[in-house]
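Next come the chains, spelled out residue by residue.
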Amino acid sequence: MKTIATIAAATVLALVVSLFSFGVFAADAHGQGAAPAKLHLDHGRKWATDEPLRRGMAAIRGAVNRAPAPMHKAMAKPEAYAELGRRIEGLVGQIVKECKLPPEADAQLHLVIADVIAGADAMKSAKNAPAGRSGLVKVDGAIKTYGQYFDPPGW
C-alpha cells in the first residue's frame, strides 16, 4: 500500500509541476522566448481565496511554524526536512485537487505554489541541515508572499 501511495503522490506532484510550469512563463508579444510572470494585485486589492486554498495554505503555514526549533536553526537531520517536505507536498496536492479560483487569480497562485513546491523539493532532497533549512526558508517566504497577494480572512 505504501508503494501505491508513493506512486500516487509522485504522480500528483508531477502533474502539479507541469501545470504550474505553464502558468509561470508566458511568451512575449512576438512569440519569441519566455519571460517570467510576476505577482501582482487584483487592481490594487488582494486576490480572493476559496475554502480549500485557505485550509491548505493554513496547514502549510502551521507545518512550517510548528517545525521543531532545530529545523529552523539548520541543526536537524536531513530525514526530518524530507518528512516535512513530503507533508507539504501532500498539502499542495490537496490544494490543487480542491481549489477553484478564477483563471487570473489561479495564475497568480501558481507563482506562489511554485515556490512552495521548490522549497518542499529542496527539503526532500537535502543532504545536510543547511540545505534542508534553505528549503524551509523558501516555503516560509512563499507563505508570506501568499499573505501579501491573497486575502484569506484572519491571515
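Residues numbered from 1 in each chain as written. Predicted model: local features only at pLDDT ≥ 70, side-chain atom pairs only at ≥ 80, totals over all residues. Heavy atoms only, no water.

## Focus on the pattern of salt bridges
Now for step 1: Under the counting rule described, the total for this entry stands at 8 salt bridges.
Now for step 2: For Glu51, the salt bridge is made with Arg55, and the minimal N-O distance between the two is 3.8 Å. Taken as a pair, Glu51 and Arg55 lie in helix 2 (residues 51-65) at a separation of 4 residues, close to a single helical turn.
Now for step 3: Measuring nitrogen to oxygen at the nearest pair gives 3.8 Å for the salt bridge that ties Asp121 to Lys124. Here Lys124 and Asp121 lie together in helix 5 (residues 103-125), a separation of 3 residues that amounts to about one turn. (Salt bridge = Lys/Arg side-chain N within 4 Å of Asp/Glu carboxyl O. Helix = DSSP H or I, 4+ residues; strand = E, 2+ residues; numbered from the N terminus.)

## Some details on the packing of helix 5 against helix 6 (residues 129-149)
Now for step 1: The N-to-C vectors of helix 5 and helix 6 enclose an angle of 165°; their axes lie 7 Å apart at closest approach. With respect to each other, helix 5 and helix 6 are oriented roughly antiparallel. For the pair helix 5 and helix 6, the crossing hand works out as left-handed. Counting all contacts with helix 5, which are made through Val112, Asp115, Val116, Ala118, Gly119, Ala120, Ala122 and Met123, the residues of helix 6 involved are Ala131, Gly132, Gly135, Leu136, Lys138, Val139, Ala142, Thr145 and Tyr146.
Now for step 2: Partitioning the contact of helix 5 with helix 6 into residue classes produces 11 nonpolar, 4 polar and 2 charged. (Axes fitted to C-alpha atoms, helices over the stretch in contact; angles between N-to-C directions. Parallel < 35°, antiparallel > 145°, perpendicular 65-115°, else oblique. Left-handed = near helix turned anticlockwise from the far one by under 90°. Contact = heavy atoms within 4.5 Å. Nonpolar A, V, L, I, M, F, W, Y, C, P; charged D, E, K, R; others polar.)

## With respect to helix 6
Now for step 1: Counted at 1.5 Å a residue, the expected span for helix 6 with its 21 residues is 30 Å, and the 30 Å between its end C-alpha atoms agrees.
Now for step 2: When we look at burial in helix 6, the residues that qualify are Ala129, Gly132, Gly135, Leu136, Val139, Ala142, Ile143, Tyr146 and Gly147. All buried residues of helix 6 fall inside an arc of 150° around its axis, so they share one side. In helix 6, those exposed residues whose orientation departs by more than 90 degrees from the buried face are Pro130 and Lys144.
Now for step 3: Among the structural elements, helix 2, helix 3 (69-72), helix 4 (78-98) and helix 5 are those in contact with the buried residues of helix 6.
Now for step 4: A side-chain oxygen of the first residue of helix 6 lies 2.9 Å from the backbone nitrogen of Ala131; this N-cap is Asn128. (Expected span 1.5 Å × (residues − 1). Buried < 20%, exposed > 50% of the residue type's maximum accessible area, 1.4 Å probe, protein only. Arc of directions from axis to C-beta. Polar contact = N/O pair within 3.5 Å; in protein donor to acceptor, adjacent residues only side chain to side chain.)

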